[in-house]
Structure formats: structure tokens, C-alpha cells
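Read off the chains here:
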Amino acid sequence: MWLFFAAVPTTSLDLSLQSGNEIVVEQRPPQELTCIFGQSIAPVGMPAWNPSFDVTPSTLINGIITEVGVVPFDSSLGYIPVAKYLLQPQHKELLGQDLASRCEQSCIPLPSTSDGSESRAGGYRALSEEDIKKYILNHTKLCSVLGIDAQTDLARLQVVEVGDGNLNLVYIVSVTSENNEESKAVVIKQALPYVRCVGESWPLTLERAYFENAALVEHAKLVGTDRVPEVFHFDRQLALIAMKYIAPPHLILRKALIQRLPIHSFAPHLGQFLALSLFNTSLLAVDGGSFRSQVSGWMRNNAMCALTEQVVFAQPYMTCEHNRWTSPQLDRYVAGIQADTQLKVAAAHWKNLFLTQPQALLHGDLHTGSVMVHPNPNFNSTYVIDPEFAFYGPMGFDIGAILANLYLCYFSTLANNEKEYGTWILQQAALLWNTFHSAFLDQWAFAAEKGVGELYPSSIYSGVLLEQVQKEYLTSVWRDTVGFAGVKMIRRVIGIAHVEDLESIQDADKRAVCEKASLIFARKLSVSGISGLKEGLKEGLKNVEDLNQWAQEVYESVPNGDWVV
């Protein structure tokens, strides 16, 4: 295992910055790159990016070596607490008065909250609505976005907490309009150091905010800011992101589906998003060195991966205090699932793939609750939000996750016999996959034309051979998609976090019928495509049409009273 330390004399420390994002990187003259011995080697007017240095994220550094000792990376804080370390009694006396003073200023916590709660180590604390107002006014960029004056406009700010209660604090910050001007707003999202829906007994890293910010920025480069919200500001110490407010009548896709709205644009938009984001971060589009570097950085989001490993691949298949289900209607199904050897072997297979196949940069938690849409069918607007679980993993995990949520919505229509809308949901699932498949091949053709990508270089793979490897590659992605969809569905019915599509069904008996159908369908998906497990392969789940056909057969049947393997 390689360790990376930086040797830094304390005289070169700038403790006034909250994070490396505030470091100004000097740009060197472009002629240093475009000219040799006074002779131009680039077209006239060709711009060149020539930074004098780069900024290494602290998450990639094991520690900083100073003349008074080694300051280690603190995983509980998510950064290297230099000032806190230097102010320890055994070190403070070795510092000059000026540096000691700067360290003390750096360690001053924010003012206590209105409810009297204390700051956590490193200056972090959860911000109240009043704190958010003060924070906005202390940051020029945010004042500019909102069009306010930091000195006079405190009273015009309105802050409302709108989080779903699962993980984070989410605030909408708006400005009361003057002279009938359109009101401006931003979203402030702050990570909490624990799973919010459980409490402080389940701690969770604040560094997830760093990865969410990085994913939003990366996805904006790959798919554009018309598919992901633009980031205006990131504060690593407070685990806080300020981003574009997706204004009403936009709403969460899950809410739109529960209202049975025919949102025709989301499926092709998500298919395109998945194709662009997955292909262009894989070895199909980048060289091996760049890929390894990206994998190394993103795999440090291990706390969120560990959470997924628990709640998706482990807890539903064992007795766990966090599991919940419609009881007593589902009691025998849950007991059957936890005794289902074949299903548990399948879950372990998909968990192994999740852990060992860094295929592309994933959103990591893509479901109908992490997508925003516009209800007007003529208004083509879709945004993908909340990528705090982002990491490098198998492509099928992201695709399977969103399809799992669509199939859960499909089975929820059983409660009130809304078969017509259910059929429409199946059509959207097919459209999403088919759009992804087509757009993915388009990206592949473009990459082959440019001669990029480590895995299948155009100098070796072309014509019939290229078509063969493309078919095999996408067949593998489809198989993974089906399997991951199955385990994601199971965890949303009997695990810790459920879906409103089913939870909003008030009649427990009707809800249980929908959930039983979902679990029966999910089992077939989970065990399909596993080496040595032949169930599902006889009938065939070779494409999305096969999948929809099987979903319809389950929909039309009456679920058994007991779990059947």
C-alpha cells in the first residue's frame, strides 16, 4: 500500500482559507506551451491552459510533515486539521507568535446556533435557518447569485428546510421580490455526521458532501447543466453545497409518478444521461493511466459504499433492527427471503460485483427520488440530483437502480387497478433502456472515430470484430442491470428505506399485494444471469421487452401466501 505525505514548512501555510477550493492557481503564459525557441508549434491564437501548480485534495494525502511533527489526515473530519494540531501544547511553544495567532483564528468556531448547540471538531456544525441567512450574507458569490446587498438585505432572505429526512439538511433560500421582480433562490444542502432517519447512533462521514460536489461538477462537464444543477459554492469544512434551485412547477419524479402524471421526457433524458456519464468515464473513452487515477480518487468515498453494501446487499437477508415491512401481511415472505439460499447466493454475487468492478463513475443512488422533472409534457426538463454516493462501480448498478424504482411504481398501480398507467410505466422503462443502448453505441462510434479509449483501440477493433465486442459488452451490462434491479427492489420493500409509491397506499392489505408482486418479480431478476443459477434463463430475460413481459405475468397473477422458491 502506497502512502503519500507532503513536506510543508509552517512558514508556507495559509490558514486563512477554508479549503483548497479557495486557492488561486497562477496561470503561466500560454507561449510556454505553444512556442519552442520563439517558434510557434500551435495554430495562431490557440489558447493554452498552463497552471503553475495543481491542488491535491487532502483526501489523497495521508499527512503533512512540518518541522514540529506530522499532521495526519483525520478520517472522522474528512480533512487534515493543521491548525488544531499545531495548537497542541507541545507544539504551540515552538511556533512564532504570528503563526500561533493565525492558528487560533483558524480554529475559532462559527457562532453558536440559535438553539445553543455547539460546533463539532474542525468548525463543523449543523446550520439553522437563521445561520443560513448569515452564511449567505458572508459570501459575495451567493449574494451575487441572489441579487442582494450583504449590508442591507438580511430581512429579504427567506429560508425553508425541505429535506426528506433521510440523510441531509436541505434549505431553499429565496429573496422576497421588489417592484414585482422575479424572486431568486438557491438550494443549500448540508451533510449531517449521521444517518438522519436513524439518529446519531449511526454515524456517517461528512466527506460525502465533497464527493457530491465533485460528482455534480463532473456530470455537468459530461452531460451539461441542463441535466444537473449548477454548483455555485462548496464549503468542505461545513460539508455544504450551494446550487441552482430547480423552481416549481418542477417536482420530484417520484411525486409525479404517484400523481399518475404522464411525464414523457424523463425516460429518454435519463437514458442519455446514463449513456454519456457512464461511457465517458469508462475505459471505452479514457486511457488506462487516467482511469486508474480517477478510480483511486473516487473509491475514497468508501463510507457511502459501505452503507450501500449494508442496506442493499446484506440487511434484507438477515435479522436486522433497521429492517421493516408491512406486518403481519409480509411476515412469511420476509422469513422465506431470509431462508432462501439461492437468493442469498445471488445477493452475494451482486455485492461482489459492486465491490470489485470499477467500470465507470456512477451516480450511486439513482432513483425516482433523485430526479426532478417538469409536469408540462411540452417542457423538456429533467435534472439528476443528489449524487453523494458517487463512486466507480459497475454500470448496471445505476441503470438497475432507476429501473427498479420504475417497476416498483408499476406494481403500486395494482392497489387501485390502474393498469393503463402501469402499462405506460413499462413503456418508459423500455424507452429508458433503449435510449441508453442507442446513445451508448453513438458515444462508442464517436470515441472510435477519435481513436480514444484504452479497452478497444480502433487500430485493433473495427468492422465485424467491433460489433461483436460491442454486443458482448452491452449484453454484460444488461445482465448486471437486471440483477442489480432485483436486489434494489427487495431492499426497498423489506429494508430500512422504502419508496413512497408503496408507502402511500393506506390500505395495508392492498399495499401488501403490491409488495408481494414486487418481491416475486425481484427474486427472478436477482437470480437471473448468475453462473450456476439457471432460473429465469429458460424463459429468457435477454432484453427489456422480456423483462416487461415477465412483469406483466406477475402483475396478472395472485401472489401466494408463502414465499415460493
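Thresholds, definitions, all that
- Residue numbering note: each chain is counted from 1, following its sequence as written.
- Residue-level local features of this predicted model are given only where pLDDT is at least 70; pairs of side-chain atoms are given and counted only at 80 or more, and the full residue set underlies all totals for whole chains, interfaces and linings.
- Excluding hydrogens and water, the side-chain values take into account all heavy atoms of the structure.
- In plain words, nonpolar cores are sets of buried Ala, Val, Leu, Ile, Met, Phe, Trp, Tyr and Cys residues tied together by side-chain atoms within 4.5 Å.
- Exposure classes here rest on a 1.4 Å probe applied to the protein chains alone. A residue is buried below 20% of its type maximum, exposed above 50%, and partly exposed in between.
- What makes two residues a contact is simply this: any of their non-hydrogen atoms within 4.5 Å.
- In this analysis, strands are considered paired if DSSP registers two or more bridges between them.
- Secondary structure elements follow DSSP: runs of H or I no shorter than four residues count as helices, runs of E no shorter than two count as strands, and numbering proceeds from the N terminus.
- All axes are obtained by fitting lines to C-alpha atoms, using only the stretch in contact for helices, and the reported angles, taken between N-to-C directions, cover 0 to 180 degrees.
- Two aromatic rings from Phe, Tyr or Trp, using only the six-membered ring of Trp, form a pair when their centres are within 6.5 Å; if the ring planes differ by under 30 degrees the pair is stacked, by over 60 it is edge-to-face, and anything between is tilted.
- The criterion is that NZ of a Lys, or CZ of an Arg, lies within 6 Å of the ring centre and within 35 degrees of the ring normal, and then a charge sits over that ring.

A. Main features of the nonpolar core. Counting residues in each nonpolar core, the largest one holds 150 residues, and the members touching the most others are I136, F266, Y407, F436 and F440. Setting aside residues no more than four positions away along its own chain, I136 makes contact with L142, C143, L146, I148, L157, V173, V186 and I188. The next biggest cluster of nonpolar side chains, apart from the first, holds 11 residues, and it includes I64, V68, V71 and I80.

B. The sheet that holds strand β5 (residues 69–72), seen in detail. Pairing is mixed across the open sheet formed by 3 strands, whose spatial order is β1-β4-β5. The outermost strands of the open sheet, each flanked by one partner alone, are β1 (5–7) and β5. Sheet twist, expressed as the mean angle between neighbouring strand axes with direction ignored, is 20°. Alignment of strand β4 (residues 63–66) against β5, held across 4 bridges, turns out to be antiparallel.

C. Looking closely at the pairing of strand β7 (residues 168–175). Burial analysis of β7 places 7 of its 8 residues in the buried class, which makes it a mostly covered element. Pairing geometry for strand β6 (residues 157–161) and β7, over 5 bridges, is antiparallel. Bridge pairing in β7 links E161 to Y171. Hairpin geometry of β6 and β7 is characterised by an intervening segment of 6 residues between the two adjacent antiparallel strands and by a positive phi of about 90° at G165. Of the strand pairs in this sheet, β7 and strand β8 (residues 185–191) are connected by 7 bridges, and their pairing is antiparallel. Considered in β8, the bridge of V173 is made with V186.

D. Expanded view of the packing of aromatic side chains. Tallied over the entire structure, the rule returns 29 aromatic pairs. Both rings, one in F279 and one in F440, keep their centres 5.1 Å apart while their planes meet at 85°; by these two values the pair is edge-to-face. Taken as a pair, F279 in helix α9 (residues 266–279) and F440 in helix α15 (residues 419–450) lie far apart in primary sequence, 161 residues in all. Relative accessible area serves as the criterion here: at 0%, F440 is assigned to the buried category. Taking 6.1 Å as the distance between ring centres and 20° as the angle between the ring planes, the aromatic pair formed by F440 and Y473 counts as stacked. Here F440, found in helix α15, pairs with Y473, found in helix α16 (residues 463–494); they are 33 residues apart in sequence, far enough to count as distant. Ring-pair connections join several aromatic residues into one group, and the members of that group are F279, W433, F436, F440, W444, Y456, Y461, Y473 and W478. Lying over the aromatic face of F73, R300 brings its terminal NZ or CZ to 5.8 Å of the ring centre.

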